[in-house]
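# Understanding the architecture of this molecule
Read off the chains here:
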Amino acid sequence: EEDEFIGFASLPEQVHRKAVRRGFDFSLMVLGDSGLGKSTLINSLFLTDLYKDREIPDTADLVERTLTTVKKQIEIEEKGVKVRLTIVDTPGYNDAVNAEDSWKRVVSYVDQQFQLYYQAESGLNRKNINDTRIHCCLYFISPYGHGLKPLDILVMKKLHHKVNIVPLIAKSDVLTPKEVKRLKTKVLEDIKENDINIYTFPECDSDEDEEFKEQDKALKEAVPFAVIGSNTVVEAGGKKIRGRMYPWGIVEVDNPKHCDFIKLRQMLISTHMQDLKDITSEIHYENYRAESLLSSEVSKSNRERTKLKRDSIANLDKALETEQLLQEKEAEIQRMQEMLAKMQAQLQNNPNSQNGRLGNVR
Ligand code: GDP
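Residues numbered from 1 in each chain as written. Predicted model: local features only at pLDDT ≥ 70, side-chain atom pairs only at ≥ 80, totals over all residues. Heavy atoms only, no water.

## With respect to the overall build of the protein
Here is the rule: Helical segments are the DSSP runs of H or I of at least four residues, strand segments are the runs of E of at least two, and each set is numbered from the N terminus. Note on classification: 1.4 Å probe, protein chains only; a residue is buried when its accessible area is under 20% of the maximum for its type, exposed when over 50%, partly exposed between these limits. We call two residues in contact when some of their heavy atoms are within 4.5 Å. The protein chains shown are the only cover counted for residues, whose accessible areas, like all others here, come from Shrake-Rupley with a 1.4 Å probe.
A tally of regular secondary structure across the protein gives 10 helices and nine strands. A buried classification covers 35% of the 362 residues belonging to the protein. A separation threshold of at least 6 residues defines the contact pool for the protein, and within that pool the share at least 24 residues apart is 69%. Looking at the protein as shown, the accessible area adds up to about 23900 Å², and 51% of this sits on carbon and sulfur atoms.

Here it is in structure tokens:
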């Protein structure tokens, strides 16, 4: 029976094995005002303490500080599958009085990663490119406001053609379920009204099973994800859980009834990581590449045009020079002719003198 197979049925397995050996790169950017729980959420998502060396700046520093992007890298391995995860944080975003400066740096950081990839891709060693392009941007929205702030709108609009934006309602435990719902609706309205393109989940294949379809639907309906982060593990009913303790009870990070943390983690890690990477490279990066190619074509043709101009200027100079030389020659000839005429006139007045020499001149 074996003979009846050609053997390509094992292709997925080969692809899988090769991909696993290589490992996966994933870069995540977190964006939003300081204190919205970005570092706490990242630690909760990846079960690590990426931020243990952090110093909390005091307020005087905050005003002075300009934005620097901080990159943290970890390698996580689960059942033999390795993911090299890069977290790009932007401490000081919107802290400084000059908020404009801070979003410009964020945008230029995203562009720079495209540029690095573009250069690497056109270089010699194209096989082992270190991909630092941002695959996803978790945008933290304040739970205390009433929707998107003008700065949120501005930044999202600057970024939405460059990166997959996933909006989050930060610290959602400070809101009641009703308030969360209201804020979610308002944020979605603001996004629509301002023509902001956030990351859209791909359509679910129709041949998927019902459970998967349900899960997918719930995921889509939860956007913008209301999240809670916590670095502490608390005991509840004899179970150890990640949560936040309050006098009135415990808010559980991992409990889907309490917040959308699990949905966010599932989407980022288990179900949509590859799609986020595909969209980054097939849409956002291709946009960047097309723009770069276009602008380099324009500058090339500009260069050629100025070169042409310079050539014609050089030709013109040469022509002017020749013209000048000709005029000088003519003037000289005229002077000589005048001299000759004068000498002839003198000879005619005095026919006996210097006859022979004059004959030579003639
Ligand atoms: P970042 O500046 O955005 O990185 O914010 P941090 O992660 O440092 O969090 C700032 C403060 O908010 C810390 O005291 C956290 O304990 C607290 N915090 C973080 N996440 C949450 C949350 O989901 N809910 C509440 N209530 N507090 C949080």
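## Focus: the packing of aromatic side chains
For clarity, the threshold we go by: Under the pairing criterion, centres of Phe, Tyr and Trp rings, with the six-membered ring standing for Trp, must be within 6.5 Å; the plane angle then separates stacked pairs below 30 degrees from edge-to-face pairs above 60, leaving the rest tilted. Either the NZ atom of lysine or the CZ atom of arginine qualifies as a charge over a ring when it sits within 6 Å of the ring centre and within 35 degrees of the ring normal.
Counting across every chain of the model gives seven aromatic pairs. Consider the rings of Phe-201 and Phe-225, whose centres lie 6.4 Å apart with planes at 90°: the pair is edge-to-face. Placement of the pair is Phe-201 in the loop between α6 (177–193) and α7 (210–221) and Phe-225 in strand β6 (residues 225–226), with a sequence separation of 24 residues. Both rings, one in Tyr-285 and one in Tyr-288, keep their centres 6.5 Å apart while their planes meet at 20°; by these two values the pair is stacked. Of this pair, Tyr-285 and Tyr-288 both sit in helix α9 (residues 273–349), three residues apart, which is roughly one turn of that helix. Across this residue pair, the class does not change: Tyr-285 and Tyr-288 are buried. Three or more aromatic residues joined by ring pairs form one cluster here, namely Phe-114, Tyr-117, Tyr-118, Tyr-285 and Tyr-288. Geometry around Tyr-285 places Arg-133 over its ring, the cationic atom sitting 4.8 Å from the centre.

## Notes on the UniProt feature "coiled-coil region" (unreviewed entry) in the protein
Counted only if it meets this: UniProt positions are given in the numbering used here, feature names are shortened, and annotations may be inferred rather than shown by experiment.
The UniProt feature table records "coiled-coil region" (unreviewed entry) at residues 319–346. Span residues 319–346 is 100% helix and 0% strand, its end C-alpha atoms 41 Å apart.

## Some details on the confidence of the model for the protein
This is how the line gets drawn: Per residue, pLDDT captures the predictor's confidence, and it can take any value from 0 to 100.
Per-residue confidence for the protein gives a mean pLDDT of 81, with 82% of residues at or over 70. Under a pLDDT of 50 for its full length, residues 59–66 has, in the predicted model, 12 contacts with residues more than four places off or in other chains. Contacts for the low-pLDDT stretch residues 355–362, under 50 throughout, to residues beyond four places or in other chains number four contacts.

## As for the pairing of strand β5 (residues 165–169)
Going by this rule: A pair of strands is considered paired only if DSSP assigns at least 2 bridges between the two. Note on handedness: a clockwise path from strand one over the helix to strand two, with the strands aimed away from the viewer, defines a right-handed crossover.
Counted residue by residue, β5 has five buried out of five residues, so it is predominantly covered. Of the two faces of β5, the one carrying Ile-165, Pro-167 and Ile-169 and the one carrying Val-166 and Leu-168 are both buried. Strand direction decides the pairing type here: strand β4 (residues 136–141) and β5, joined by five bridges, are parallel. Within β5, the residue paired with Tyr-139 across the bridge is Pro-167. Taken together, β4, helix α5 (residues 150–159) and β5 form a β-α-β motif whose crossover is right-handed.

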